[in-house]
Each structure stands twice: as structure tokens, then as C-alpha cells.
Amino acid sequence: SYPSHVPINSTLLTHISSDQFLQRKTGKMANHGVVTEKDFKMWDKLANNKHTIVQWPLSQVMFVNDKNFLWLVLVPRKNGLEEMHDLQPNEQYQLMDEVTAASNALNVAGEALNGSKPTKLNVCGIGCVCRQLHIHVLARYEGDKAWPDPVFGKFPAVSYEGDLDKYMAAVKAELVKGIPEVSV
């Protein structure tokens, strides 16, 4: 038997759940506790210096207001999550789809905004400072302030100030190409 992470074809239909089939065929995820924005409780520390840029089926996508690094944070809209394994299997697949779409968006928007594609896209979920489940997606450029080291805690954030709307609009345009925005 094939593992459920293999792309769908007619041979595999009996090997995945109906939720996984729905998600992969339509892009819509069955709701197993994903909450509306007003019922969602995000840790204050996690929301600090970030702007919600799009709502995807599972995650609230936040744009980090730090001109040092083109940076998104994806936060699954389920209360009480700390680890990836706290998600249902279909939600784990959805989160990976969303991380991939965010990575693609930063790759394209990074080139448009900065004149070249990022050297590397960093994806990580650390959670030592803020335990609520969240995934960082960063566009890194060789020669950026922290290159090649991790960016966390290295430098104070530098606000986009007057450029914030321009950067957020460019990134959002690419994000919604990957996964359509949902209303929550």
C-alpha cells in the first residue's frame, strides 16, 4: 500500500481518508476545530510587530514588520496547539501546503521587490520563546545582516514605515495565487 503523502491518482483513492481526498481535490479542508478569527487566541508575543496579511484554510498568515528580512509567520487557527503532532493528519498536510505556498510567494515577491530571488528560503518552527504553534518562512539573501547565521534575536527590527503597504501588497498578491484567501 502507498503512504498517504504520495500524490493522488486512482490507485491511491482507497488509501487516504475522505478528508484528505476532499482537501487534495478541492483545496478545501474539513474543519476539525479551526476557529474563526474572533474566537482564535494568539499569544501577544507572537502577534507583536506582525500584520495579518491573509487567512488561509488553516493558518493566519502574518507579515513581519522588519525590513531586515522578508518574513512571514503562519499560525494555525486552532487554540491550544504547541506542536505539529497536535494537528490532525489532514491539517498537517494542509499546513505543509500552506508553508510551500508561502515559500513560493516569498521567492517570487522577493525577486520583484529586491531585484533578485532569495539565496535561500528558511522554514522553521522553533517555539521555545512562544510555545503556540507557528511556522516562520523567511527569504534570505547572501550578505544579509545575519547571513549565514540564524536571524532570531540577532538585530532589532527595522520598520518598513512608508514601504509597509507596498511590501505587504506584493507578498499578498503572490500568497493568494498559491492558496485562495478564506473568510473566517
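Anything mentioned here points back to the structure above.
The structure displayed is predicted, hence computed values, not measured ones.

Asks: Just give me the short version of the overall build of the protein, but keep the residues and values in it.
Replies: Within the protein one finds four helices and five strands. Traced from its N-terminal end to its C-terminal end, the protein shows the element sequence α-α-β-β-β-α-β-β-α. Nonlocal contacts in the protein, meaning residues at least 24 apart in sequence, comprise 60% of its contacts between residues at least 6 apart. On the protein, roughly 9,800 Å² of surface is accessible, and the fraction owed to carbon and sulfur atoms is 51%.

Asks: With reference to specific residues and values, describe the pairing of strand β3 (residues 70-76).
Replies: For β3, a buried count of seven out of seven residues is recorded, marking the element as mostly surrounded by other parts of the structure. Of the two faces of β3, both are covered, the one formed by L70, L72, L74 and P76 as well as the one formed by W71, V73 and V75. Pairing of strand β2 (residues 59-64) with β3, which is carried by five bridges, proceeds in the antiparallel orientation. In the strand pairing of β3, M62 is matched with V73. As consecutive antiparallel partners, β2 and β3 are separated by five residues. Inspection of the sheet shows β3 paired to strand β5 (residues 135-140) by five bridges, in the antiparallel sense. Directly across from L70, in β5, lies its bridge partner A139.

Asks: Describe the layout of surface pockets, listing the residues and the values that go with them.
Replies: Estimates place the volume of the largest pocket at around 540 Å³. Along the lines of polarity and charge, the residues of the lining of the largest pocket split into 13 nonpolar, six polar and three charged.

Asks: I'd like a description of helix α4 (residues 164-178), backed by residues and values.
Replies: Look at α4: 21 Å from first C-alpha to last across 15 residues, which is about the 21 Å you get at 1.5 Å a residue. Of the residues making up α4, those classed as buried are L164, Y167, M168, V171, E174 and L175. Take α4 and look down its axis: the buried residues cluster within an arc of 135°, on one side only. Exposed residues lying more than 90 degrees from the buried face of α4 are D165 and K177. Looking at the packing, one finds that the buried side of α4 touches β1 (50-55), β2, β3 and α3 (89-114).

Asks: Give a description of the packing of α3 against α4 that names residues and reports values.
Replies: Direction vectors running N to C along α3 and α4 enclose 140°, while the axes themselves pass 8 Å from each other. Classified by the interaxial angle, the pair formed by α3 and α4 is oblique. You can see that α3 and α4 cross each other, and the crossing is right-handed. Between α3 and α4, the residues in contact are A101, A102, A105, L106, V108, A109, L113 and N114 and K166, Y167, A170, V171, E174, L175 and G178, respectively. Looking at the contact of α3 with α4 residue by residue, the classes come out as 11 nonpolar, two polar and two charged.

Asks: An account of the pattern of salt bridges is needed here, citing residue identities and associated values.
Replies: On inspection of all chains with the given rule, the structure shows seven salt bridges. Note that D144 is salt-bridged to R140, the shortest N-O span being 2.7 Å. The class for D144 is buried, based on a relative accessible area of 13%.

Analysis parameters
Residues numbered from 1 in each chain as written. Predicted model: local features only at pLDDT ≥ 70, side-chain atom pairs only at ≥ 80, totals over all residues. Heavy atoms only, no water. Helix = DSSP H or I, 4+ residues; strand = E, 2+ residues; numbered from the N terminus. Contact = heavy atoms within 4.5 Å. Areas by Shrake-Rupley, 256 points an atom, 1.4 Å probe, with all protein chains shown as cover. Buried < 20%, exposed > 50% of the residue type's maximum accessible area, 1.4 Å probe, protein only. Pairing = 2+ DSSP bridges. 1 Å grid on protein atoms, 1.4 Å probe; cavity = no way out; pocket = protein on both sides within 12 Å on 5 of 7 lines; lining within 4 Å. Points joined across faces, edges and corners; volume = space filled by probe spheres on them. Nonpolar A, V, L, I, M, F, W, Y, C, P; charged D, E, K, R; others polar. Expected span 1.5 Å × (residues − 1). Arc of directions from axis to C-beta. Axes fitted to C-alpha atoms, helices over the stretch in contact; angles between N-to-C directions. Parallel < 35°, antiparallel > 145°, perpendicular 65-115°, else oblique. Left-handed = near helix turned anticlockwise from the far one by under 90°. Salt bridge = Lys/Arg side-chain N within 4 Å of Asp/Glu carboxyl O.

The values reported here are purely geometric and, on their own, carry no functional implication.
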